[in-house]
Amino acid sequence: MSSTTTPASSRRPLVLLCIMLSLFMSAIEVTIVATVLPQIVGKLGGFALYSWIAAGFLLTQTATTVIFGKLSDIYGRKPVIVGGTILFLIGSALCGFAWSMTSLIAFRLLQGVGAGSMQPVAVTIAGDIYTPRERLRVQAALSAVWAAAAIVGPFAGGLIVERLSWAWVFWVNIPVGIVTVIGFIFLMHEDIAHKKHAIDYLGASLFSITVGAFMIALTQSATLSTSEILAFVAISAAGAWLFIIVERQAKEPMIALDLWGDKLLASANGALLFGMMALAGITLYLPLYFQGVLGYSPLLAGFPLSVMLVSWPLASAVSGRILRHFSMRSTLRFGGLLIPVGAVFLLFLGPGTNLVLAGIGPALMGFGMGLLNIVSVIMVQGSVQWSKRGSDTAALLFSRTLGNTLGAAALGAILNFGVVLYAKAQGATEGATPEHVRALLTSIGDIAGGGADPALQAVLNEALHLAFWAMLVFSAFAAALSLFVPVRELESLSGGVQTEHV
């Protein structure tokens, strides 16, 4: 099968604009929702499910990212990204009408399915219509979208929750999405030779069951009985076993297990996965820390998140200059090492912390992740042919979103465990029965939404610091794996002989 995406030169900037709008929706979904999460949980209740607002979205996005990447290789980029964007907009509209935490999570799952097509296919389209030499500049431009979302998102989220309703943080995407869909429909033209292919829907379903059951066992461990936890762990283990069997036998698997035998892809994916597990804490729990512990408004509490999301695209923007003076090996490893260095700063957060000083850790982590990510994307896209570029690009994004998902779940479990542990130590709860724990977490939810109880604020402070320690461990793994990535130098991406530096 052959396929090309070649818009006329006059339309290429407009297609790039549509790509940027698609990524902007994904980016602002992170920044604007993360900033108002404490307010949402304060209104809807269910603090024990706090991490699921993000983790549920990320679960279905992760499960469908590689599927949509494969579909774009088979049927073309245009129908996949248009259909996915429409589904994302439907989910966004429904999220605004959620009446409980459970209903919001259900709609976020739907929204995540649509998002599974937007980011990987948008990045792949950029790789199709620009030459290898142009991709570095284009990747930097796409990363700048995150900078815009980082600035606009927390500010808009703070204003929305103070002036309107939290529902509008989901509805603001709708007009942008409509413009994006219209643009892709009329500006993109593809020459696709269709043929039948086997899509691994069973693999995607088993993956969702495996990760979903594992996330429930983690995040709800404080409110479930031991037998219930073991049941979910057993479901997850059985799902993982069946998933591996299915993937080995599938004609076109969701995850090509042989790709993970390639040292470049395996080590890069591993580094990105652990890096995103660490950065999930910045997205989910720093706004909670600044609102629930330090008492800042939603507008100011989004500052650390903004700093991280600005430093990430900043790293992409300056990566071209860095790579003129340093090898990809050095640049990638430097980025990996910056992540744990930044995580160390989070351990020193406490009452009275200055906002500017609080931004140092997130800034270093974001800059390091930016370098690690862009070098990995350029290497992989420059080393494969068109028919595999979508799948391999999606594999990198799969690792990022899976890391974000697992990070949200793991840190959510650690936070809930920490709340129970430190509440018992301070005598803030009567016992450790599920009923007492649920009551305690409900009270913590009130604190997260802006309540003022010094005892519970102290409990939340200690529990969040336990999560910060876990983020340091995740980031240390990311740095270690970045040392093992075999790096292809930038010059090799022009189509010449590739030299691998091990």
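Note that the structure is a prediction, hence the values are computed from the model and not measured.

Novice: Describe the overall build of the protein, and please don't skip the residues or the numbers.
Specialist: When its secondary structure is counted, the protein shows 18 helices and four strands. Within the protein, the proportion of its 502 residues that are buried is 60%. Here the contacts in the protein between residues at least 6 apart in sequence split such that 84% fall between residues at least 24 apart. As displayed, the protein offers around 18,800 Å² of accessible surface, 68% of which is attributable to carbon and sulfur atoms.

Novice: Break down the confidence of the model for the protein for me, with residues and values.
Specialist: When pLDDT is averaged along the protein, the result is 76, and 78% of the positions lie at 70 or above. Here strand β4 (residues 500–501) stands out as the least confident element of the protein, with mean pLDDT 36; helix α3 (residues 77–95) is the most confident, with 89. Low pLDDT (under 50) marks residues 489–502, which in the prediction has 30 contacts with non-local residues, meaning those over four places away or in another chain.

Novice: Quick one: what's the story with helix α12 (residues 303–325), residue by residue and with numbers?
Specialist: Because an α-helix completes one turn every 3.6 residues, residues spaced three or four positions apart along the sequence face the same direction. A rise of 1.5 Å per residue sets the reference length of α12, with its 23 residues, at 33 Å; its end C-alpha atoms lie 32 Å apart and thus fit the reference within 8%. Where α12 bends most, the angle comes to about 45 degrees, and this point is serine 319.

Novice: If you had to explain helix α9 (residues 226–249) to someone new, which residues and values would you point to?
Specialist: Helix length check: α9 (24 residues) gives 35 Å between terminal C-alpha atoms against 34 Å at 1.5 Å per residue, within 8%. Among the residues of α9, those classed as buried are Ser236, Gly239, Phe243, Val246 and Glu247.

Novice: With reference to specific residues and values, describe the packing of aromatic side chains.
Specialist: Taken as a whole and assessed by the stated rule, the structure comprises eight aromatic pairs. Aromatic side chains tryptophan 99 and phenylalanine 107 sit 6.0 Å apart centroid to centroid with 75 degrees between the ring planes, which places their arrangement in the edge-to-face category. Owing to a relative accessible area of 18%, phenylalanine 107 belongs among the buried residues under this scheme. Relative to phenylalanine 243, the ring of phenylalanine 207 has its centre 6.0 Å away and its plane inclined at 55 degrees; by these criteria the two rings are tilted. Within this pair, whereas phenylalanine 207 is found in helix α8 (residues 201–219), its partner phenylalanine 243 is found in helix α9, the two being separated by 36 residues in sequence.

Novice: Any chance you could break down the nonpolar core for me, citing the residues and the numbers?
Specialist: A general trend in soluble globular proteins is that nonpolar side chains are found buried together. Counting 129 residues, the largest nonpolar core has Ile19, Ile125, Met365, Leu415, Leu464 and Phe468 as the members making the most contacts within it. In terms of residue count, helix α10 (residues 263–293) provides more of this core than any other element does, 18 residues in total. Discounting chain neighbours no more than four positions away, the residues touching leucine 464 are Tyr285, Leu288, Tyr289, Val293 and Leu415. One finds Phe57, Phe88, Ala115 and Val176 within the second-largest nonpolar core, a separate group that totals eight residues.

Novice: Requested: an account of the packing of α3 against helix α4 (residues 101–129), with residues and values cited.
Specialist: Across the interface, α3 lies against α4 with an axial gap of 7 Å and an inter-helix angle of 150 degrees. In terms of orientation, α3 and α4 fall into the roughly antiparallel class. Classified by chirality, the crossing of α4 by α3 is left-handed. Taken together, the residues of the contact of α3 with α4 break down into 16 nonpolar, eight polar and three charged.

The rules behind the values
Residues numbered from 1 in each chain as written. Predicted model: local features only at pLDDT ≥ 70, side-chain atom pairs only at ≥ 80, totals over all residues. Heavy atoms only, no water. Helix = DSSP H or I, 4+ residues; strand = E, 2+ residues; numbered from the N terminus. Buried < 20%, exposed > 50% of the residue type's maximum accessible area, 1.4 Å probe, protein only. Contact = heavy atoms within 4.5 Å. Areas by Shrake-Rupley, 256 points an atom, 1.4 Å probe, with all protein chains shown as cover. pLDDT = per-residue confidence, 0-100. Expected span 1.5 Å × (residues − 1). Bend = angle between axes of the 7 residues up to and from the residue. Phe/Tyr/Trp six-rings, centres within 6.5 Å; stacked < 30°, edge-to-face > 60°. Core = buried A, V, L, I, M, F, W, Y, C linked by side-chain atoms within 4.5 Å. Axes fitted to C-alpha atoms, helices over the stretch in contact; angles between N-to-C directions. Parallel < 35°, antiparallel > 145°, perpendicular 65-115°, else oblique. Left-handed = near helix turned anticlockwise from the far one by under 90°. Nonpolar A, V, L, I, M, F, W, Y, C, P; charged D, E, K, R; others polar.

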